[in-house]
Amino acid sequence: MPTMREIRRRIRSIRNTQQITRAMQMVAAAKLRKVQDRVVASRPFAAKLREVLERLVANLPPEVQHPLLEERPQRRWAYLVVTGDRGLCGGYNANLLRLAEHTARVAPAEEILWLPVGRKGRDYLRRRHYTILKEYLDIGDDPVFPQGRELARDLIDLFLSGAFDRLYVVYSQFISPIRQVPQVVPLLPVLRPGKEGRGREYLFEPPPARLFADLLPRYLEIQVYQMLLEAKAGEFGARMTAMEAATDNAEDMIKRLTLSFNKARQAAITKELADIVGTARAFE
């Protein structure tokens, strides 16, 4: 049975840890609030741009082609996995990497390439000796559009150079601070919608083919930026939830240890009283 000194030392240690987890929870909540506002604000623009592009693609003449629409043989598939740079966020990173591994395992491609975004994903893939085509680190806690644009242009250049034939993005869609849903989304080549995508025809100025050529890279830049925002908001939400649970668990441990300390102290007092009474009777 631990002594009172050991219990007191353990209570002090857990209380110090609790102060750290509470501080991390507050920091994650503050960062989440900032990124969440940007996620919500950018979603309508990204959705409308996707809708306009789908109308353009659906109504383009068959002879109009674009390199980013090119369907290639299923030889080299790449997966862009958006993870965090740090841990202490529950199962956020593990769930993403588990989904990415499962998706790649059942893919019909001859070769799988990886493009990790974030140190956790990079380290995980390195430990398992997967083929990393390129890594993207130091995105930071506050992604800005130039970062998404630069990443999207780099992915486009890799696709056009033939580094891979198909690209999927694995990221967490932010639903709420306590819920993030891992997603696997095809990015390149841009898929043409089927007949169900054809609806009312629109008149575009400039002509659809020219507008499409200008709009398609912008669409990919917005999509990548939106995914970075969603992933970062999901990471902060997961970290806030994990640190809140850790703080609550520390409080429960302190209560149990305090109860054990009080029992040990009461037992020591009872023993001392018994010794005093026994000694007094011995001198009667």
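Source: prediction; values computed, not measured.

## Here's the deal with the pairing of strand β1 (residues 76-82)
Now for step 1: With respect to burial, β1 is a largely interior element, six of its seven residues being buried.
Now for step 2: The pairing of β1 with strand β2 (residues 111-117) spans seven bridges and is classified as parallel. Within β2, the position partnered with Tyr 79 by the bridge is Trp 114.

## Focus: the pairing of strand β3 (residues 166-176)
Along any regular strand, the residues point their side chains to alternate faces of the sheet.
Now for step 1: For β3, the buried fraction is high: eight of the 11 residues fall into the buried class.
Now for step 2: One ladder, built from five bridges, connects β1 with β3; its direction is parallel. Each residue of the ladder has a partner; that of Tyr 79, found in β3, is Tyr 168.
Now for step 3: As defined by bridge partners, β3 adjoins strand β4 (residues 179-188) across nine bridges and the pair is classed as antiparallel. Each residue of the ladder has a partner; that of Phe 174, found in β4, is Gln 180.
Now for step 4: Counted along the chain from β3 to the antiparallel partner β4, the turn is two residues long.

## Digging into the confidence of the model for the protein chain
The predicted coordinates of low-pLDDT regions are not to be read in fine detail.
Now for step 1: Confidence in the prediction of the protein chain, expressed as mean pLDDT, is 86, and 88% of residues score 70 or more.
Now for step 2: The element-level mean pLDDT for the protein chain is lowest in helix α5 (residues 208-282), coming to 84, with β1 highest at 95.

## Quick look at the pattern of salt bridges
Now for step 1: Within the structure shown, the criterion is met by 19 salt bridges.
Now for step 2: The partner of Arg 166 in a salt bridge is Glu 71, with the nearest N and O atoms 3.0 Å apart. Here Arg 166 is found in strand β3, whereas its partner Glu 71 is found in the loop between α1 (4-58) and β1, with 95 residues between them in sequence.
Now for step 3: Overall, Glu 71 belongs to the partly exposed group, its relative accessible area being 47%.
Now for step 4: Within this structure, Glu 70, Arg 72, Arg 75 and Asp 165 form a network of salt bridges that share partners.

## Here we look at the packing of helix α2 (residues 92-105) against helix α3 (residues 119-127)
Now for step 1: Close contact between α2 and α3 brings their axes to 11 Å; oriented N to C, the two are set at 50 degrees. In terms of orientation, α2 and α3 fall into the oblique class. Relative to α3, α2 is oriented so that their crossing is right-handed. Across the interface between the two elements, Asn 93, Leu 97 and Glu 101 of α2 pack against Lys 120, Gly 121 and Tyr 124 of α3.

## Describing α2
The periodicity of an α-helix, 3.6 residues per turn, causes residues three or four positions apart to be oriented the same way.
Now for step 1: In a regular helix each residue adds 1.5 Å, so 14 residues correspond to 20 Å; α2 covers 20 Å between its end C-alpha atoms and thus fits that length.
Now for step 2: Among all positions in α2, only Tyr 92, Asn 93, Leu 96, Leu 97, Ala 100, Glu 101, Thr 103 and Ala 104 are buried. Along α2, the residues classed as buried sweep out an arc of 165 degrees about the axis, all on the same side. Turned more than 90 degrees off the buried face of α2, the exposed positions are Arg 98 and Arg 105.

## Side note on the packing of aromatic side chains
Now for step 1: Under the counting rule described, the total for this entry stands at six aromatic pairs.
Now for step 2: Measuring from centroid to centroid gives 5.6 Å for Tyr 79 and Tyr 168, while their planes differ by 20 degrees, and the two rings are stacked. Highlighted residues: Tyr 79 in strand β1 and Tyr 168 in strand β3, separated in sequence by 89 residues.
Now for step 3: The class of Tyr 168 is buried, set by a relative accessible area of 14%.
Now for step 4: Taken together, a centroid distance of 5.6 Å and an interplanar angle of 90 degrees make the contact between Phe 145 and Tyr 225 edge-to-face.

## Some words on unusual backbone geometry
Now for step 1: Omega for the peptide link from Leu 188 to Pro 189 comes to -5 degrees, which places this bond in the cis form.
Now for step 2: Considering the arrangement of structural elements, one finds Pro 189 in the loop between β4 and α5.
Now for step 3: Even without being a glycine, Leu 88 presents a positive backbone phi close to 55 degrees.
Now for step 4: Residue Leu 88 is classed as exposed on the basis of its relative accessible area of 54%.
Now for step 5: Its identity is not glycine, yet Asp 138 carries a phi of approximately 60 degrees, on the positive side.
Now for step 6: Secondary-structure assignment places Asp 138 in the loop between α3 and α4 (145-160).

The rules behind each value
Starting from 1, residues in each chain are numbered consecutively following that chain's sequence as written. The model is predicted, so local features are restricted to residues of pLDDT at least 70 and side-chain atom pairs to those at 80 or more, both for listing and for counting; the totals for chains, interfaces and linings are taken over all residues. Computation of side-chain values covers all heavy atoms of the structure but excludes hydrogens and water. Burial classes follow relative accessibility: with a 1.4 Å probe on protein chains only, a residue under 20% of its type's maximum area counts as buried, one over 50% as exposed, and anything between as partly exposed. Only DSSP runs of H or I covering at least 4 residues are called helices, and only runs of E covering at least 2 are called strands; the numbering of each starts at the N terminus. Each pair of strands is called paired provided DSSP finds at least two bridges between the two strands. As a per-residue measure, pLDDT reflects the predictor's confidence and takes values from 0 up to 100. One speaks of a salt bridge when a side-chain nitrogen belonging to Lys or Arg is within 4 Å of a carboxyl oxygen belonging to Asp or Glu. For every element, the axis is a line fit to its C-alpha atoms; helices are fit only across the contacting stretch, and the angle between N-to-C directions ranges from 0 to 180 degrees. Should an angle fall under 35 degrees it is taken as roughly parallel, and over 145 as roughly antiparallel, whereas 65 to 115 is taken as roughly perpendicular and any remaining angle as oblique. Left-handed describes a crossing whose near helix is turned anticlockwise from the far helix through less than a right angle; right-handed describes the clockwise counterpart. Whether two residues are in contact is decided by their heavy atoms: any pair within 4.5 Å suffices. Expected span, for any helix, means 1.5 Å times one less than how many residues it has. Regarding the arc, it is the one traced by the directions from the helix axis to the C-beta atoms. Here a Phe, Tyr or Trp ring, Trp counted by its six-membered ring, pairs with any other such ring whose centre lies within 6.5 Å, and the pair is stacked when the planes are under 30 degrees apart, edge-to-face when over 60, and tilted otherwise.

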